[in-house]
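# Notes for the structure review
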Amino acid sequence: MLLKDFLTKKKYYSIKLTKTRTNHFELKAKINGVKGSFILDTGASNTCVGFEKASYFKLNAQDSEIKAAGAGATEMLTKEAIDVQIKIGKWQYHNLHLVLLDLTHVNTALINHHAKPVDGIIGADILKKGKAIIDYNKKRLYLKKRVFLF
């Protein structure tokens, strides 16, 4: 049995990943109904978008005392947005806590390697919520269907 067939029976959605020139996986997602391009980063603790994308994604950003670090940058100022909706393929999550930060260093590195800039990063918070499985060979992300109890 193929992994895709097995996971489909286990109620997982399959999401296409695209490999960039920098060997990252990129995917499309919608935040608050607005489409964007994101890097999949298993090492990022939170899903984030760049400061300049706050109005684009209809985010109500609030100041945050949390400092971010990663990809060669430390002590970065952040903002946060709560009650955010995200949709990746058919998988969706409501009431996401999203981090906003300066992604200039990330996008500069991508551009320097002839890759397209991104709107944000999908982090481990989403991967955990979606009980994610990544098929690196087939370039697929699998996220478990959410069951809503009323």
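Refer to the structure printed above.
Conventions and cut-offs
- Residues numbered from 1 in each chain as written.
- Predicted model: local features only at pLDDT ≥ 70, side-chain atom pairs only at ≥ 80, totals over all residues.
- Heavy atoms only, no water.
- Core = buried A, V, L, I, M, F, W, Y, C linked by side-chain atoms within 4.5 Å.
- Buried < 20%, exposed > 50% of the residue type's maximum accessible area, 1.4 Å probe, protein only.
- Helix = DSSP H or I, 4+ residues; strand = E, 2+ residues; numbered from the N terminus.
- Contact = heavy atoms within 4.5 Å.
- Pairing = 2+ DSSP bridges.
- Axes fitted to C-alpha atoms, helices over the stretch in contact; angles between N-to-C directions.

### Focus: the nonpolar core
Grouped together as the largest cluster of nonpolar side chains are 27 residues, with contacts concentrated most on Leu27, Ile31, Leu59, Ile86 and Ile88. If one sorts the elements of this core by residue count, strand 10 (residues 91-101) sits on top with 5 residues. Beyond its immediate sequence surroundings of up to four residues, Ile31 is in contact with Phe38, Val49, Phe57, Leu59, Val84, Gln85, Ile86 and Leu98. Counting 11 residues, the second-largest nonpolar core is a separate cluster that includes Ala44, Leu103, Ala115 and Ile121.

### Notes on the sheet that holds strand 13 (residues 140-144)
Taken together, the 3 strands give an open sheet; going across it, the order is 1-13-12, and neighbouring strands pair in antiparallel fashion. Edge positions in the sheet fall to strand 1 (12-16) and strand 12 (133-135), since each has one partner strand and no second. Within the sheet, the average angular offset between the axes of one strand and its neighbour, ignoring direction, is 25 degrees. Examined bridge by bridge, strand 12 and strand 13 share 3 bridges and lie antiparallel to one another. When the sheet's bridge partners are listed, Ile134 is paired in strand 13 with Leu141.

### Notes on the environment of Lys90
Note on placement: Lys90 falls in the loop between strand 9 (78-88) and strand 10. For the pair Lys90 and Leu143, spaced 53 residues apart in sequence, the C-alpha separation works out to 9.2 Å.

Geometric values such as these leave the question of function open.
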